[in-house]
Amino acid sequence: MTVHSRAERKEPTVAQRDLTRRRVLGLAAAASVGALATACGEPEIPKIQPPVLPSTQRAESAATPRPTVVVTAGERAPSREGSLPEAGANRPISIALPTFAGGNWDVEPILLSAELAARQDTDARYKFTRTPLPSNFGYRWDYAATVDDGSGNARTDLVMLEQWDLANLVAGRKLLPLDEHLASDSTFNPGGYWPGVLETGQVEGVQYALPVAAAPWITIVNRDLAAAADYQIPPRSAWDGQAFVEAALAMHGDPEAPGGSDALGLLLNVEPMWGAPDQLWSWTPSFLFLQSALGSLPDSQGSFASLRSDPAKAIAEVYYDLATTYGLAESAESSSGNLWYRYVQGKIAMLIMNLGGLSFGWMTRSSGPDNVLYPFPRFGGGGAPVSIWMMMGIGNGTQEPKVTYDALRALDRNTQRVANVPTQRLSPDELRHLFAGYSEEAAQMVVDIMQTATYITVDRPQWGAFVNQLDAGIIRDDLSANEALSALIQRLEALGARI
């Protein structure tokens, strides 16, 4: 594949547009009964299962019925003995925090606020300290090895993590099970969470982490470019795959045409990853398209078998059409700095982002483009793709698990109060109280997304396989949709995934 330069891009033919339209509509027609129920106002909430451990770990877990907690080398079972610190004790509680080059600007401000509130909330029973651990955004980073203190134990009491590191930490035996603590905690209310979100902190049915902050994936649409293109943005309720493709084509500029612009209809680019330049990052991950159409990846059985299905092939073709047939993908030489400048200048019509970290502010700032927040488009019955970007677990090296659990719950409660999208249920008004920048419509959109979420539970290497084999295969490596999808399947198999 040769990525078209701006001058080489041609208006897609009627036949090409019709082919893409039939692919997208075919996906909608193949949507599950759950999607039809959603359309009728009766959403079916998918139950997302945790990632599958290697076979030896599965066997150990299956051999031990719950709620019994298995004590293994380097892993201490929760204790009911002892008492909690008294007010003013300032018991030190250390927190492992992955820190990227230049600092963790998303987590640290939120965590600092939560630590101060948790200290006050517990009458200064605890004093929280952070242990920064060197990390990067790469798919090969090993959290379990990094947090190890050299003895097989985690070096801190609490471990802050993203969901895609959970399986790695559990397989490395760096987290203690939480089930016994939760069962004896009268203040813990599973029903207070968004549907299915607690399961993202489980591995093989055991709760190892409490999800704290969610990150719904959304579409940022530039209303200025829509108006310039004389394009009427459809209502959010009609924002499906077909509307998304049509919007990208309608707002995509043609600098060679009289009066044409160089606006991008969609930021679709694969580039070296910041912090791990030997690996690739995708601005518009194909994984989101697939999960929107197919549902949870992996599925409830821990399998990626749905990638062999006709809907998966159709989604790969749609991604290929956007990138290649219609020439929306940027050249491999485009840098993130150049793309960011174009975004600030209002020359990118649509951007795919998630509502994690502190990103919400710049999405809607008054000095930037006139943006409106839309959901990620529906390509089928898979549900709304949502990441969990902040979880908390207990390190297996902690000396007093009961005390550490109490500190975790205090920190969890207070982080929920400052997270962009807490994992505990909120009404639209409550969400707007947290972030006044949300319009009423946007706040309702976020609540709707969380009510019908399909949570992203792939691990780091698996996400990397999607980016390197499917996204980069189509955008950079001259592969057809079928060739790139086949390469993805082979890579997942090599990683030991069930497929």
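Residues numbered from 1 in each chain as written. Predicted model: local features only at pLDDT ≥ 70, side-chain atom pairs only at ≥ 80, totals over all residues. Heavy atoms only, no water.

## Looking at the overall build of the protein chain
In step 1: Helices and strands together make up the secondary structure of the protein chain, namely 18 helices and 12 strands.
In step 2: By the burial criterion, 54% of the 499 residues in the protein chain qualify as buried.
In step 3: In the protein chain, 79% of the contacts between residues at least 6 apart in sequence involve partners at least 24 apart. (Helix = DSSP H or I, 4+ residues; strand = E, 2+ residues; numbered from the N terminus. Buried < 20%, exposed > 50% of the residue type's maximum accessible area, 1.4 Å probe, protein only. Contact = heavy atoms within 4.5 Å.)

## Here we look at helix α16 (residues 440-451)
Because each turn of an α-helix spans 3.6 residues, side chains separated by three or four positions end up pointing in the same direction.
In step 1: Under the 1.5 Å per step criterion, the end-to-end length of α16 is 17 Å for 12 residues, consistent within 8% with the ideal 16 Å.
In step 2: The complete set of buried residues in α16 reads Ala442, Ala443, Met445, Val446, Val447, Ile449 and Met450.
In step 3: In this fold, the buried residues of α16 make contact with β6 (210-222), β10 (371-375), β11 (384-394), α15 (428-434) and β12 (453-455). (Expected span 1.5 Å × (residues − 1).)

## A word on the nonpolar core
In step 1: With 81 residues, the main nonpolar core has Tyr143 and Leu411 as its most contacted residues.
In step 2: With 8 residues, β11 is the single largest residue contributor to this core.
In step 3: Among all residues touching leucine 411, those that are not within four sequence positions of it are Ile95, Leu111, Ala114, Glu115, Ala118, Phe128, Leu158 and Met392.
In step 4: Among the nonpolar cores identified, the runner-up in size contains 66 residues, and Ala226, Leu249, Ile352 and Ile456 belong to it. (Core = buried A, V, L, I, M, F, W, Y, C linked by side-chain atoms within 4.5 Å.)

## Things to note about the confidence of the model for the protein chain
In step 1: Confidence along the protein chain averages 83 in pLDDT terms, with 78% of residues attaining 70 or more.
In step 2: Contacts for the low-pLDDT stretch residues 1-10, under 50 throughout, to residues beyond four places or in other chains number 31 contacts.
In step 3: Predicted confidence is poor over residues 31-81, with pLDDT under 50, and the contacts of this stretch with residues over four places away or in other chains come to 89 contacts. (pLDDT = per-residue confidence, 0-100.)

## Digging into helix α9 (residues 241-251)
In step 1: Taken across its 11 residues, α9 has 9 buried, putting it largely inside the fold.
In step 2: Within the sequence span of α9, burial applies to Gly241, Gln242, Ala243, Phe244, Val245, Ala247, Ala248, Leu249 and Met251.

## Some remarks on the packing of aromatic side chains
In step 1: A full pass over the atoms with the stated rule returns 19 aromatic pairs.
In step 2: Ring geometry for phenylalanine 289 against phenylalanine 376: centres 5.2 Å apart, planes inclined by 90°, an arrangement best described as edge-to-face. Pair noted here: phenylalanine 289 is in helix α10 (residues 286-294) and phenylalanine 376 is in the loop between β10 and β11, with a separation of 87 residues, a long-range link. Comparing phenylalanine 289 with phenylalanine 376 shows no difference in burial state: the two are buried.
In step 3: In this structure an aromatic cluster arises from ring pairing among Tyr139, Trp164, Trp217, Phe287, Phe304, Trp463 and Phe466. (Phe/Tyr/Trp six-rings, centres within 6.5 Å; stacked < 30°, edge-to-face > 60°.)

## Some points on the pairing of strand β8 (residues 276-282)
In step 1: Relative to β8, strand β7 (residues 270-273) runs antiparallel, the two being bridged by 4 bridges. Paired with methionine 273 across the strands is alanine 276, a residue of β8.
In step 2: Linking β7 to β8, which pair antiparallel, is a turn of 2 residues; within it glycine 275 sits at a positive phi near 95°. (Pairing = 2+ DSSP bridges.)

## What about the packing of helix α17 (residues 460-475) against helix α18 (residues 481-494)?
In step 1: Relative orientation of the contacting elements α17 and α18 amounts to 160°, with a least axis distance of 8 Å. Comparing the axis directions of α17 and α18 gives the class roughly antiparallel. The way α17 lies across α18 gives a crossing that is right-handed. The residues of α18 that touch α17, namely those facing Gln462, Ala465, Phe466, Gln469, Leu470, Gly473 and Ile474, are Ala481, Ala484, Leu485, Ala487, Leu488, Arg491 and Leu492.
In step 2: When the residues that make up the contact of α17 with α18 are grouped by side-chain class, the tally is 10 nonpolar, 3 polar and 1 charged. (Axes fitted to C-alpha atoms, helices over the stretch in contact; angles between N-to-C directions. Parallel < 35°, antiparallel > 145°, perpendicular 65-115°, else oblique. Left-handed = near helix turned anticlockwise from the far one by under 90°. Nonpolar A, V, L, I, M, F, W, Y, C, P; charged D, E, K, R; others polar.)

## Some words on the side chain of threonine 122
In step 1: Tracing the backbone through its elements, the reader meets threonine 122 in the loop between α4 (107-121) and β2 (126-134).
In step 2: Overall, the relative accessible area of 1% leaves threonine 122 in the buried class.
In step 3: Here alanine 118 takes part through its backbone oxygen, which lies 3.0 Å from a polar atom of the side chain of threonine 122. (Polar contact = N/O pair within 3.5 Å; in protein donor to acceptor, adjacent residues only side chain to side chain.)

## What to know about the environment of tyrosine 455
In step 1: Following the sequence through the fold, tyrosine 455 ends up in strand β12.
In step 2: Along the primary structure tyrosine 455 and alanine 384 are separated by 71 residues, whereas in three dimensions their C-alpha atoms are 8.0 Å apart.

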